[in-house]
Every structure is written in structure tokens, then in C-alpha cells.
Amino acid sequence: QVQLVESGGGLVQPGGSLRLSCAASGSIFSINHMGWYRQAPGKQRELVAVITSGGSTVYADSVKGRFTISRDNTKNTVYLQMNSLKPEDTAVYYCKAPINGYVYWGQGTQVTVSS
């Protein structure tokens, strides 16, 4: 059974850093782009960053220059390095990927930025 499992969330002070990981497991034949999304309380889920299988990236304007998405195709894993975190970055972060022709979401990991 294919699944995506995130890790790396937690509580961090403003200006701090966190690194999220999302690993795909199961019988995987193809993974196209992989992305990170987030959902804050009372708000819609929004795109944070996407990376293609070739390494091209797209970022939301709100995180450009602070967040970096990367992937290790040998491990079917995508990462999100988050620097200079702000309270408005507080949200549940989800990874998403089309695997074997189906779209999968991870279970989410909480990121809280607070002093």
C-alpha cells in the first residue's frame, strides 16, 4: 500500500528553522512532482512549494527566499527547509504527490511558530 509519511514538525521561536521530510513508501513505479501544502486554522489549504522530478521548483510568494524544497529520488523523499520562520507560518503542513497515477496526501505535521 502506497503512503506518504511526514515528519519534522514542532514548536519553534520566530526566526528559527525547521526541516520537514516526507517519505513515500510501498510499491512505487512512478512519482511525478512532489509538493508541500499547509492549512492554518480557519483558512483554506494552500500551496507552499512544488518540485518536479527534474528538480524545477515553484514557491508561494509568502515563503520565497525563506523556504527551500528539495528531493531525493533514490529515497522517494521530499524535504522542506524552513528558515526565518514567522508566526504566520503556523499551520499543519502536508505533502502531496501523484504516485502510480493516483494522488496521495500525507497525514500532516504541525508547525507552530511562537515565542
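## A short note on the nonpolar core
Then, number 1: By size, the foremost hydrophobic cluster in this structure holds 29 residues, and its most contacted members are Trp36, Val48, Phe67, Leu80, Met82 and Tyr93.
Then, number 2: Residue assignment for this core shows that the elements contributing at least two residues are β3 (18-25), β4 (34-39), β5 (46-51), β7 (67-72), β8 (77-82), β9 (91-99) and β11 (109-113).
Then, number 3: Not counting residues up to four positions away in its chain, the partners in contact with Leu80 are Leu18, Arg19, Leu20, Trp36, Val48, Ala49, Phe67, Thr68, Ile69 and Tyr93.

## As for the state of the cysteines
Among covalent bonds in proteins, the disulfide is the one between the sulfur atoms of two cysteines.
Then, number 1: All told, the structure shown has one disulfide when counted by the stated rule.
Then, number 2: Each disulfide pairs two cysteine sulfurs, and for Cys22 the partner residue is Cys95, the sulfurs being separated by 1.9 Å. Around the S-S axis, the bridge from Cys22 to Cys95 shows a dihedral of about 45° and counts as right-handed. Taken together, the residues span a long stretch of sequence, with Cys22 in strand β3 and Cys95 in strand β9 at a distance of 73 residues. Here the two residues Cys22 and Cys95 agree in accessibility, since each one is buried.

What counts and how
- Residues numbered from 1 in each chain as written.
- Predicted model: local features only at pLDDT ≥ 70, side-chain atom pairs only at ≥ 80, totals over all residues.
- Heavy atoms only, no water.
- Core = buried A, V, L, I, M, F, W, Y, C linked by side-chain atoms within 4.5 Å.
- Buried < 20%, exposed > 50% of the residue type's maximum accessible area, 1.4 Å probe, protein only.
- Helix = DSSP H or I, 4+ residues; strand = E, 2+ residues; numbered from the N terminus.
- Contact = heavy atoms within 4.5 Å.
- Disulfide = S-S within 2.5 Å.

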